[in-house]
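The lines below spell out each chain.
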Amino acid sequence: MDFAICLDQFSTNFNVSSLSPNGFSIYTNLDYNTPIASGIPYQDLFAPPIGNCPLVVNVPQGATQLLVIDACTTLPTNVAPIFNAGSSANSLITQCCYSIIPIPAQPISWCDSSGLEFDVFSSSYVGQIVAGNLISTLGTVTDYEIGWYLDGDYSSPVFTSGYGTAFLPYQHTHPLTGNQSIPAVAGDWEGIIHDIAINGVTYSSVSGSANGTPIPFESCFGTIVVDPLTCANGPYSASSKYSHQINFNSQAAGAVPAPVSLTYNLNPSTKYFAYAFAGATVYDEIEIKWHSGNPSATSNPTFYSQPIYLEKLLCGLDSSQVIGAGNLPGTVGSFNGQFAGVSNVWPKFTTYAGYAQRVLTLTTLETSSNPLAPDYLEITISPNPNNNNTVWNAGFQCLDNFDCTDCQFEDYPNQLPKIWKVELDKQYGCDAQKLLLHFTNSCNFTPPTNISSDWAGLNAGTIGSLNNLNINLINSWQSPLGIYFFDTDYPDGSYLSLVGAVSCGTINPGVGPCGPSSTGTITLNKTATQTQLTFNLLADYEHYKNHFDSLASNLSPTTCNPSSTSVAYYRYFRLNVPIQAPNANCGDNTSPWSTYFHVNDLFNIQYLASPSTNTWSITIPQTLMTNCYPANQNCDNCFNLINQWVNTYNNFLTLQPAYSYTTNTGAKYLEPAWAAYVYRSAGSGPSGSYCIDFDNNNIWTMISQGEISYYPWWSVNTLPFISSSNGWVNLPNLGASLPCNTGSYPIGFQNSIYGWCQGAAVASYSVRFPHLGGNGFNYSLSTNDFEIYAASGFGPTGSFNANSVFNNSLNPYSYPCPPTTQSLIYSYSASVATMFTSSQFWNGTTPTLIIDP
């Protein structure tokens, strides 16, 4: 048996400064004449700082004592007197350093003698492995790699974890705590050290690659029992509809992050399973397989002995870049909402960066009624295979029943948004005005109350956190999403100028997606007046230079001219440099460091190329701006806006501190610099009869002026499928839909992100100012007069074709007004307000009216 030895240099038996050069010998009490090891350097036996113990020796069965003794010249052949402490041992004690070590019934292992442990550790956990950083009584642990083995299968680890750079690659970086705890299937897990460095000394087991001092292939931490997730053991059940939630963030070091899996045991009564999964910018894949707990009890044991897939979905902004991704939910082809029409190409994908929410229906599967052999789900998350800097978040919940209650889809036409206040808001000096309508939420919460529906809650369509009892469990949208009331401006968010006016607006810069990584080094050095980028690879240098050249190709240097109303001078660029761990790719854990430079600076960039030294640099000057736009222009808001714009830009440059940063992976954004600029528009007074209505060809503008609801087909339908030698095989006969009554008016439409959707525009409003003429308002009539028109219940049975709404081609009627497809519901004329229909107004009463004087 193996036994670890680590001697105490402070023992009275030792004087390490006067040891013999012959090394140590080791005897057992089974044989006093022949050592089991000899010539052992003292450094192998003593603890740091003198040596690098422990020394592992193989001890014969039955030995109860070891004699570890300096092989001095007077060492007798028979060492029995020392073991027996007889009188003849006295002279030997004075000449030879030795130690007698009892061998316990349970011998001290290398792991015990080295004092290895995790600073945070749990030997039993639900669905996860928790293990912090390694520490040792022998000294500082600087690097290590650990293999994690499941249920006694030591042929290969399920995944590897590690710390430091000496033993790369490994798939997860310690500490494995918090959102870096590893999701794991149920079973008995063992973490076994492959390689480890303690105080600069390397130790390796048979699975290690560093050829360090041999150590046993055994777990130093005991068995970690991972229990399955169940319908009853979720820690979030009191505060969220998702009882189990996992936020995972683990950067691999020199390797692709390993897929992680979870076991979710189902109750016999479980009919539905809800999940939410977000892959952020860098896509990740979720896969859910259903396993029968008792295949022999089913009508087809062979079929139910295999895993039946319920989901295989790529989630993340860049998922559409994957060649071969299917046509749902990210629909690229036609689809009629039928199970038989679903492509057998898996995985599907969605480019939505938020939570993909779905409720899987299990009622078509033959389930086990034996609690001792429950059906279970195997949930596997495969991190992005091309970018080791990725995060994902997930929530899970099993359901015995599912309530589809949704105020808009299920209670139409009773629950429509109601107008409770009308306000004519004026902007003086330039004769501009707008009409502000104040609506109740379409679900009429007064005050808002919790909704028990498993489908839609108060925050339908938006999820900041899964810890909210009122969130919906499927991807369904209703907009606007006011809890009490929402407001809508006519025209859209701006004032309608009654005469010719000049206005300015601004476009702020953004941050693009990550660009191609490389093995190069990029160094950033920011001073008070410039930013310099230095490269050791030509490709990285050209990536930035080509981008700056493309920006300059359509621009020219500008001057600040006090006599000109041109706004070209006020353009600037935001330079973004990805900041992350020095050896990490640009990805989900990356945040940008940003600085600004003026449009004229673009034409003064200095490029330096020294191929002979593998050095290239780009130096960007950064100069301040001034505001020279003509002031005090009638009906012109540009001067004040530009003044704020210039001050914000100058303050940033003045206050931004010096900064240096180096990345070792050539990390960069696809578009390093984004333009920010001021735009100017000069208009004449509107002519002819004029209506403020939906912005043509823009569904999102329409949303802010009306209300729609929709949900993706994928969210409420489940299509099981299996894997075969010929590829994926869909099982339409096992397809199932949630028990939702969507009424007669929702229609189908294609959405580029969510695929095939069912939806309805449940209300829209138009505003008409009746006294507009060729030169603006006819001031001989009242400029306060307005009319409100409404259409509701859009759909196949209504007066309006809802397909045009969802196909982004809204043009419900031709000008001039009033619209022929909408009804007049309210007017204000000659200082008299008239309500023509009560159904569009809160409590059926005349709304509050406010007219700016």
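Up top is the structure.
Overview of the structure.

Conventions we followed
- Residues numbered from 1 in each chain as written.
- Predicted model: local features only at pLDDT ≥ 70, side-chain atom pairs only at ≥ 80, totals over all residues.
- Heavy atoms only, no water.
- Pairing = 2+ DSSP bridges.
- Helix = DSSP H or I, 4+ residues; strand = E, 2+ residues; numbered from the N terminus.
- Axes fitted to C-alpha atoms, helices over the stretch in contact; angles between N-to-C directions.
- Contact = heavy atoms within 4.5 Å.
- Buried < 20%, exposed > 50% of the residue type's maximum accessible area, 1.4 Å probe, protein only.
- Salt bridge = Lys/Arg side-chain N within 4 Å of Asp/Glu carboxyl O.
- Polar contact = N/O pair within 3.5 Å; in protein donor to acceptor, adjacent residues only side chain to side chain.
- Phe/Tyr/Trp six-rings, centres within 6.5 Å; stacked < 30°, edge-to-face > 60°.
- Lys NZ or Arg CZ within 6 Å of the ring centre and 35° of its normal.
- Expected span 1.5 Å × (residues − 1).
- Arc of directions from axis to C-beta.
- Disulfide = S-S within 2.5 Å.

Digging into the sheet that holds strand β38 (residues 606–610)
- Pairing is antiparallel across the open sheet formed by five strands, whose spatial order is β38-β39-β35-β34-β40. The open sheet has two free edges, formed respectively by β38 and β40 (659–663), since each of these has just one partner strand. Here the strands of the sheet are splayed against their neighbours by 10° on average, with no regard to which way each runs.
- Across the sheet, helix α6 (residues 538–552) touches β34 (522–526), β35 (530–535), β38 and β39 (615–621), and the angle it forms with β39 is around 30°.

With respect to the sheet that holds strand β21 (residues 272–278)
- With antiparallel pairing, four strands are arranged side by side in an open sheet as β19-β27-β21-β25. Both edges of this open sheet fall to β19 (244–249) and β25 (356–361), since each of them pairs with a single strand only. Along the sheet, successive strands turn relative to each other by an average axial angle of 15°, direction set aside.
- Sheet topology note: the β21/strand β27 (residues 391–399) ladder contains seven bridges and is antiparallel. Paired with Phe273 across the two strands is Cys398, which belongs to β27.

Points about the side chain of Ser114
- One can find Ser114 in helix α3 (residues 110–114).
- According to the relative accessible area criterion, Ser114 is buried, its value standing at 0%.
- Discounting chain neighbours no more than four positions away, the residues touching Ser114 are Pro54, Ser136, Thr137 and Leu138.

Some remarks on the pairing of strand β4 (residues 55–58)
- Burial along β4 is one-sided: Leu55 and Val57 are buried, and none of Val56 and Asn58, which face the opposite way, are.
- Relative to β4, strand β1 (residues 2–5) runs antiparallel, the two sharing four bridges. Note that in β4 the partner of Asp2 across the bridge is Asn58.

Notes on unusual backbone geometry
- Leu168 connects to Pro169 through a cis peptide bond whose omega is 0°.
- Mapped onto the secondary structure, Pro169 falls in the loop between β12 (159–163) and β13 (172–173).
- Note that the residue after His174, namely Pro175, is joined by a cis bond; omega there is 10°.
- Of note, the phi angle at Asn211 is positive, near 55°, even though the residue is not glycine.
- In this fold, Asn211 is placed in the loop between β16 (201–204) and β17 (213–214).
- Judged by its relative accessible area of 73%, Asn211 is exposed.

A word on the pattern of salt bridges
- By the definition in use, this model includes seven salt bridges.
- Measuring nitrogen to oxygen at the nearest pair gives 2.9 Å for the salt bridge that ties Glu285 to Lys312. Of this pair, Glu285 sits in strand β22 (residues 284–291) while Lys312 sits in strand β23 (residues 308–315), and the two are 27 residues apart along the sequence.
- Here Lys545 makes a salt bridge to Asp549, at a shortest N to O gap of 3.0 Å.

Side note on the side chain of Asn576
- Its location among the elements puts Asn576 in strand β36 (residues 572–579).
- Here Ser594 takes part through its side chain, which lies 2.7 Å from a polar atom of the side chain of Asn576.
- With near-sequence residues (within four places) excluded, Asn576 lies in contact with Gly510, Val511, Pro592, Trp593, Ser594, Tyr669, Pro672 and Trp674.

Here's the deal with the packing of aromatic side chains
- Under the defined criterion, the tally for this structure stands at 42 aromatic pairs.
- Where Phe118 meets Trp148, the ring centres are 6.5 Å apart and the plane angle is 20°; that geometry is what we call stacked. Linking Phe118 in strand β7 (residues 117–118) with Trp148 in strand β11 (residues 141–150), this pair joins segments that are 30 residues apart in sequence. Like Trp148, Phe118 is buried.
- Members of the aromatic cluster, connected to one another through ring pairs, are Tyr309, Phe339, Trp346, Trp713, Trp714, Phe721 and Trp728.
- Here the basic side chain of Lys545 rests over the ring of Tyr607, its NZ or CZ set 4.8 Å away from the ring centre.

Details of helix α7 (residues 638–655)
- Across its 18 residues, α7 extends 26 Å between first and last C-alpha, which sits within 8% of the 26 Å expected from 1.5 Å per residue.
- Those residues of α7 lying buried are Cys638, Ile642, Trp645, Val646, Tyr649, Asn650 and Leu653. Looking straight down α7, one finds its buried side chains confined to an arc of 120°; they lie on one side. In α7, those exposed residues whose orientation departs by more than 90 degrees from the buried face are Asn640, Gln644, Thr654 and Leu655.

A closer look at the state of the cysteines
- Enumeration over the complete set of coordinates arrives at five disulfides.
- Each disulfide pairs two cysteine sulfurs, and for Cys231 the partner residue is Cys398, the sulfurs being separated by 2.1 Å. In this pair, Cys231 sits in the loop between β18 (224–227) and β19 while Cys398 sits in strand β27, placing the two residues 167 residues apart along the sequence.
- For Cys231, a relative accessible area of 17% corresponds to the buried category.
- Here Cys514 pairs with Cys586 through a disulfide, and the sulfurs are 2.1 Å apart.

Some words on α6
- An ideal rise of 1.5 Å per residue puts 21 Å on 15 residues; α6 measures up with 21 Å between its terminal C-alpha atoms.
- Taken as a whole, α6 has its buried residues at Asp540, Tyr541, His543, Tyr544, His547, Phe548, Leu551 and Ala552. Down the axis, α6 shows its buried residues gathered within 165° of arc, on one side only.

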